[in-house]
Each structure stands twice: as C-alpha cells, then as structure tokens.
Amino acid sequence: MTEGVYNIACIAVFGLIFGSFLNCMAMRIVRNEDFVKDRSRCRDCGHKLGAIDLIPVLSYVLSRGKCRYCGKKISVRYPVTELIFMFLSVFLYAFTKPDMLLFCKNWVLTGCLFAMALVDLEILEIPNGLLITAFFNWVFFSLLEVVTGDWSIKDLGFGLLAGVIAGAVMLTLSLIMDRILKRDSLGGGDIKLFAILGLYLGFAGAYELVILSCVLGLMFAMARKIIDPKATKEFPFGPAIATASYILLIIGNDITDWYLRML
Ligand SMILES: [Zn+2]
C-alpha cells in the first residue's frame, strides 16, 4: 500500500516536470524557437529564469502568478498544462502498472500527443519532429520488448502492418471526404499520426481510434461553435485524435473485449 502511494507520488512529480517541459516545447515550436539551447525567459521582460522560477505549479503559486522580475502576469496555461499532464501520467500508470516497459513506451507517446495537441490548437499543424519521436519511441521499446521476451517478432510484424493499414485507410477516407466536402478534410499530419498510432494500438485499436476520434472531433467542433460562433472553418483534429488514443491506451483492451462480447 505505502509502496503504491510512493510510486504514484513519484509519477505525479515526474508528470509535472515532463508536462512543464512539453508545454515549453510546444510554445517554442509554435514560435519557431530553439527548445534545446535557449534558456527559459520571461515572455514579457525577457529576464532569464532561475531554477526557483521553474518549479512546476509551485513557482506559479508562490509568485501569485506574476513574474518576479517585471511583475507582469504569467499565463495560467503553465500550471494548467502541468497539472493536466500530471493527471494523465498518474492514470496511465494506474492502468498499466505491472508492466513498466509498457508504461514508459505509452508515457513517451502520451507526451508526444500532448505536445502535438497543444501545437495543433494554436497553429493547426502537427509537427513532424513529434511524429518522428513517437515513431522511434515505438521502434525502440518494441525492440526492447522483443529482447526481454514480452513480444515475438510476429507481434512486431503485426504492429507494423496495423500502422500501414491505419495510414492507408485514413488516406483513402480523407480523399473521399475531400471529394464530398470539396475541401481538405484531413491534414497530412493527421494521416501520418493515424499510421503511427496504428503501430501502438494494433488492428482493433486502430479501428476503435478512427471511430472515437471522429466522435470526439465532432463534440469538440460543436463545443467550439457554442463558445466561439465566429471561429474559422478550419478545425484542429489533433486534440481529438490525441484524446481518443489516450483513452484507448488506458482502456482499449476493455473496449475490445466488450465489443467482441456484443457480437
Ligand atoms: Zn518578466
């Protein structure tokens, strides 16, 4: 019991730190800044931030949401994204707990999806760098799973095949939709993302992903229409895909079992 609490607390702290990093990375991708070399600075006065300013959530609370150097308000986006990613990490751990390798694999993917969703919300783009990271993360952990005996070569082959098929299906669907709607329905980034998620989720999961992403996408689009009736027609689909895949990462097997029992 106490060990469980200790583990959850560790995951929560790592979730906050990783979430803070991901939010900064997403903001820097949107603004075309280097996120490896540049030090963090205040967005208003440009003062370099010290270690004490970079503690997730705590720095924000202690400084009452204001920059320590110029006194300007700090965006609430920082603590909010950090807390959201903390909860995502803890739930992911709670659902995949006994298998640490699987947890790490899915945790990095969740991080990529989180940053992608943040970027897509701002500039309607899914950055290739994050897609490539998600792809190589799958390759790395899948090979590790083969080495440790959790996975066979056959599983690896099936994973790859599922990715190729998921990408091909989405490409076909989007071409048909383009014809019907007479405009671009899905961005190229969305299709690549579906292919990569097919690797992680397998055949059944990829199928569920398409349905769940469309349902969530529709819900997000309607919610946006209500909140902001003047919003542009172009709509970021990335956040819906990211949310759907996260749900499938934690309860995908239960959904498949339930679905098979219904047949
Ligand atoms: Zn400042």
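Predicted model only: the values in this text are computed from it and were never measured.

(A) View of the packing of helix 4 (residues 100-123) against helix 8 (residues 238-262). As a packed pair, helix 4 and helix 8 sit with axes 8 Å apart at the nearest point and diverge in direction by 160°. As far as their axial angle goes, helix 8 and helix 4 are roughly antiparallel. Handedness of the crossing formed by helix 4 with helix 8: left-handed. Contacts between helix 4 and helix 8 involve Asn-106, Leu-109, Thr-110, Leu-113, Ala-117, Asp-120 and Leu-121 from the first element and Gly-238, Pro-239, Ala-242, Ser-245, Tyr-246 and Leu-249 from the second.

(B) A look at the coordination of the zinc ion. Within the protein, the zinc ion binds to Cys-42 (SG), Cys-45 (SG), Cys-67 (SG) and Cys-70 (SG); these donor distances fall in the range 2.3 Å. Given 4 donor atoms and angles of 103 to 121° at the metal, the environment of the zinc ion is assigned as tetrahedral. Taken in chain order, the donor set of the zinc ion reads C-x2-C-x21-C-x2-C.

(C) How the structure looks around the packing of helix 1 (residues 2-30) against helix 3 (residues 77-96). Where helix 1 meets helix 3, the closest approach of the two axes is 7 Å, and the angle between their N-to-C directions is 135°. Between helix 1 and helix 3, the crossing angle belongs to the class labelled oblique. Judged by the twist between their axes, the crossing of helix 1 over helix 3 is right-handed. Residues of the contact of helix 1 with helix 3, tallied by class, amount to 15 nonpolar, 7 polar and 2 charged.

(D) Examining helix 6 (residues 153-181) more closely. Between its terminal C-alpha atoms helix 6 stretches 42 Å, which fits the 42 Å expected from 29 residues at 1.5 Å a residue. Among the residues making up helix 6, those that are buried are Leu-156, Gly-159, Ala-162, Gly-163, Ala-166, Gly-167, Met-170, Ser-174 and Asp-178. Elements in contact with the buried residues of helix 6: helix 5 (128-147) and helix 7 (188-227). Positive backbone phi, at 60°, marks Lys-182, one or two positions downstream of helix 6.

(E) Inspection of the nonpolar core at higher detail. Ranked by internal contacts, the top residues of the largest apolar core, which has 54 residues, are Met-116, Leu-193 and Leu-197. Only helix 1, helix 3, helix 4, helix 5, helix 6, helix 7 and helix 8 provide two or more residues apiece to this core. Each of domain 1 (1-98) and domain 2 (101-263) gives at least three residues to this core. When sequence neighbours within four positions are dropped, the list of residues in contact with Met-116 reads Glu-125, Ile-126, Pro-127, Leu-130, Leu-131 and Leu-193.

(F) Structural context of unusual backbone geometry. At Val-57, a residue that is not glycine, the phi angle is positive and equals roughly 60°. Within the secondary structure, Val-57 is located in the loop between helix 1 and helix 2 (58-62). Given the relative accessible area of 18%, Val-57 is considered buried. A positive phi angle, near 50°, is found at Arg-64, a position not held by glycine.

(G) Broad picture of a nonpolar patch on the surface. A surface patch of nonpolar side chains, about 1,200 Å² in accessible area, is lined by Tyr-207, Ile-211, Val-215, Met-219, Phe-220, Met-222, Trp-258, Tyr-259, Leu-260, Met-262 and Leu-263. Listed by contribution, the elements that provide at least two residues to the nonpolar patch are helix 7 and helix 8. Take the nonpolar patch: its biggest share by element is 6 residues, from helix 7. With respect to the helices, strands and loops of the structure, Trp-258 is situated in helix 8. Trp-258 gets classed as partly exposed once you look at its relative accessible area, which sits at 46%.

Calculation criteria
Residues numbered from 1 in each chain as written. Predicted model: local features only at pLDDT ≥ 70, side-chain atom pairs only at ≥ 80, totals over all residues. Heavy atoms only, no water. Axes fitted to C-alpha atoms, helices over the stretch in contact; angles between N-to-C directions. Helix = DSSP H or I, 4+ residues; strand = E, 2+ residues; numbered from the N terminus. Parallel < 35°, antiparallel > 145°, perpendicular 65-115°, else oblique. Left-handed = near helix turned anticlockwise from the far one by under 90°. Contact = heavy atoms within 4.5 Å. Donors = N, O, S within 2.8 Å, 3.2 Å for Na, K, Ca; no water. Tetrahedral: all angles 85-135°; square planar, octahedral: opposite > 155°, others 65-115°. Nonpolar A, V, L, I, M, F, W, Y, C, P; charged D, E, K, R; others polar. Expected span 1.5 Å × (residues − 1). Buried < 20%, exposed > 50% of the residue type's maximum accessible area, 1.4 Å probe, protein only. Core = buried A, V, L, I, M, F, W, Y, C linked by side-chain atoms within 4.5 Å. Domains from an automatic or database assignment. Patch = residues over 30% accessible without salt bridge, like charges linked within 9 Å, V, L, I, M, F, W, Y side chains within 5 Å. Areas by Shrake-Rupley, 256 points an atom, 1.4 Å probe, with all protein chains shown as cover. Salt bridge = Lys/Arg side-chain N within 4 Å of Asp/Glu carboxyl O.

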